[in-house]
Amino acid sequence: MTKKIVSLLLSLIMTVGVLSGISTVSAATGGAVTRVSNYSSGIKVRWSKAADKTGYYIYRKSGSSNTWSRVKTIKSVSTVSWTDTNVTNGRKYVYKVYPYKGTKKYTNTATRTIYRLIRPGIKSLSSPSTGQMRVVSYKNSAATGYQIKYSRYSNFSNAKKITVSGTSIAKTISSLSKGKMYYVKIRSYKKVGGNTYYSLYSKPKNIMVKNTATSYRQQVVDLALYYNSQETEYVHDESTGKDEDGNGKIGFDCSGFVSCVLNQVMQNDVKCYRLTANLKQLHDTSIVYNNGYSTEFRAKTLCKGTIDWSKILPGDILFFNSPGGPKHDYPFNHCAIYLGDKTMIHSTGSADGVVVRPVDGNYITHFESAKRYVPSKKVSPLNISMTATRDVKLYPAIQCYSGTHKYIVKKGKTLTIKSTTKFGTHYNAYATTSDGKYGYIYEYKDGKLA
């Protein structure tokens, strides 16, 4: 076929296109999709610039469909990116871009494929032990796994990456620099065939990794001061099931605060997962004083009747017999955590929740004793197997143990007992559920729920 004939045919095709009102389709120069990536608000599409055109038509197909749909018209030739916000987590999307000029649109064969993955969040970041940090994510059922990126620096220079499979993660990272700050962010990924697709990284969080030099008592002080910073409120009796005031603030009475702090710090050293105390009575100061920690701690009385400043250290527990206190507590009706320099931190009804104040005046006059709780040898779990046959209340591990924050495990969900300790004729258990929850079950007997 001669060049002249070809030229005539092309001219005829263009003429028919104009007469019929159908845009002429020609090969594009520019507009090729160069990248698609997950962003916080959707999927961002990028393409090469078609300098001599008017704008771009963006086409998309999703899931298993082979049908292309125009989802966006870009009327500026200088715009070379667009974010598709009408997308669903876990779904497949394919994009292509056609430049246009006037009534003509120019085809492109370049396409890019991606799976939508929402931006993950870090549910909790903690330092459970010396040189360790633990990263817990929220669940994304569409994810194959996660990448954890961490660094000593906020700009993530010299960062390290760890890949963990699963729809959620609870990963403990060891061999970190003790007593140093670490910055952490995570992203989810999805593997399909030989390809891997990534979400946007989460917002970073940071944590100070525990140092060997940080004593048990110093951990008690640090955690107590944390609760002071959280603007907690005073709740006299947490056995009522109300340790929140309706505004989302955590509430403590005096012994509820002390037992909460000791409980959480204890988890780092004593892997019994449960106190042998009667937890329903830990709002009674006398229970904390007499037998609150009979198995997990060695309780040493430092002084009685008169404060001996030379014998008490930060992190020790002070007990008082203030007149007019609850009769069931007397003579131990108030307790506090000593901070050093003749100051203490406690939760009191005469102030706004957890506060720091001097140990003076009536507190010296009505001082009863000071005790030091030192972690004892590790408690061996009983490992009793149990099957949940009815609704179970799980009390989260990081909340106040005297009380009331709970998650109900519904019938039909799998409940796995990880560890148990004995209390009288009953057992207390640490358990996980099939939907990723974890915490404590109070009192069950002979492998059956109490």
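Residues numbered from 1 in each chain as written. Predicted model: local features only at pLDDT ≥ 70, side-chain atom pairs only at ≥ 80, totals over all residues. Heavy atoms only, no water.

Engineer: Hey, could you run me through the pairing of strand 5 (residues 69-74) in this one?
Structural biologist: Regular strands place side chains that alternate from one sheet face to the opposite one. For strand 4 (residues 55-62) and strand 5, the ladder comprises five bridges, and the chain directions are antiparallel. Its bridge partner lying in strand 5, Tyr57 is registered against Thr73. In textbook terms, the turn of a hairpin is the stretch between consecutive antiparallel strands, and for strand 4 and strand 5 this stretch comprises six residues, one of which, Gly63, has a positive phi near 60 degrees. (Pairing = 2+ DSSP bridges. Helix = DSSP H or I, 4+ residues; strand = E, 2+ residues; numbered from the N terminus.)

Engineer: Looking at this model, I keep getting lost on the environment of Ile162. Mind explaining?
Structural biologist: Among the structural elements, Ile162 can be located in strand 13 (residues 160-165). With 14 residues separating them in the primary sequence, Ile162 and Ile148 have C-alpha atoms 5.1 Å apart. When sequence neighbours within four positions are dropped, the list of residues in contact with Ile162 reads Tyr146, Gln147, Ile148, Tyr150, Lys171 and Ile173. (Contact = heavy atoms within 4.5 Å.)

Engineer: Is there a simple way to explain the packing of aromatic side chains in this structure?
Structural biologist: Each aromatic ring pair is described using two quantities: the centre-to-centre distance and the angle formed by the ring planes. This structure, assessed with the given rule, holds nine aromatic pairs. Ring geometry for Tyr115 against Tyr197: centres 5.1 Å apart, planes inclined by 50 degrees, an arrangement best described as tilted. One end of the pair, Tyr115, is in strand 9 (residues 112-115); the other, Tyr197, is in strand 16 (residues 195-198), with 82 residues separating them in the sequence. Across the pair, Tyr197 and Tyr115 agree in class, each one buried. Put simply, the rings of Phe320, Tyr363 and Phe367 pair up and form one aromatic cluster. Stacked on the ring of Tyr106, the Lys or Arg Lys53 has its end atom at 4.7 Å from the ring centre. Sitting above the plane of the Tyr57 ring, Arg70 keeps its charged end 3.7 Å from the centroid. (Phe/Tyr/Trp six-rings, centres within 6.5 Å; stacked < 30°, edge-to-face > 60°. Buried < 20%, exposed > 50% of the residue type's maximum accessible area, 1.4 Å probe, protein only. Lys NZ or Arg CZ within 6 Å of the ring centre and 35° of its normal.)

Engineer: What exactly am I supposed to notice about the pattern of salt bridges here?
Structural biologist: Two side chains of opposite charge can pair, provided their charged atoms sit close to one another. Scanning the model with the defined rule gives six salt bridges in all. Among the ionic pairs, Lys311 bridges to Asp308, the shortest N-O distance being 3.9 Å. (Salt bridge = Lys/Arg side-chain N within 4 Å of Asp/Glu carboxyl O.)

Engineer: Mind showing me how you'd approach the sheet that holds strand 2 (residues 33-38) here?
Structural biologist: The strands that make up a sheet are held in pairs by hydrogen bonds between backbone atoms, and each pair lies either parallel or antiparallel. Strand order in this open sheet of three strands is 2-3-6, and the pairing throughout is antiparallel. Looking along the sheet, the strands with just one partner apiece sit at the ends: strand 2 and strand 6 (81-84). On average, each strand axis in the sheet is tilted by 20 degrees relative to the strand beside it, whichever way the strands run. In the sheet, strand 2 pairs with strand 3 (residues 43-47) via five bridges, with the strands oriented antiparallel. By the bridge assignment, Val36 is partnered in strand 3 with Val45. (Axes fitted to C-alpha atoms, helices over the stretch in contact; angles between N-to-C directions.)

Engineer: Where do I start with the sheet that holds strand 11 (residues 133-137) in this structure?
Structural biologist: Spatial ordering of the open sheet is given by 10-11-14, a layout of three strands whose pairing is antiparallel. This sheet does not close on itself; its edge strands, each paired only once, are strand 10 (122-126) and strand 14 (170-173). Neighbour-to-neighbour, the strand axes of this sheet turn through a mean angle of 15 degrees, independent of strand direction. As defined by bridge partners, strand 11 adjoins strand 14 across four bridges and the pair is classed as antiparallel. If you follow Arg134 over to strand 14, its bridge partner there is Thr172.

Engineer: Before we go on, may I ask you to explain the side chain of His346 in this structure?
Structural biologist: Relative to the helices and strands, His346 is located in strand 23 (residues 343-348). Looking at His346, the relative accessible area reads 1%, which means it is buried. Side-chain polar atoms of His346 contact the side chain of His334, separated by 2.8 Å. (Polar contact = N/O pair within 3.5 Å; in protein donor to acceptor, adjacent residues only side chain to side chain.)

Engineer: Before we go on, may I ask you to explain unusual backbone geometry in this structure?
Structural biologist: Across residues other than glycine, the phi torsion is negative in most instances, and most of the peptide bonds are trans. Of note, Asn158 is a non-glycine position whose phi angle comes to about 55 degrees, a positive value. Examined against the element boundaries, Asn158 turns out to sit in the loop between strand 12 (145-151) and strand 13. Since its relative accessible area comes to 69%, Asn158 is described here as exposed. In this model, Asp341 sits at a positive phi of 55 degrees, which is unusual for a non-glycine residue. By the element assignment, Asp341 lies in the loop between strand 22 (334-340) and strand 23. Residue classification places Asp341 among the exposed positions, given a relative accessible area of 77%.

Scope: geometric values only; no functional claims are made or implied.
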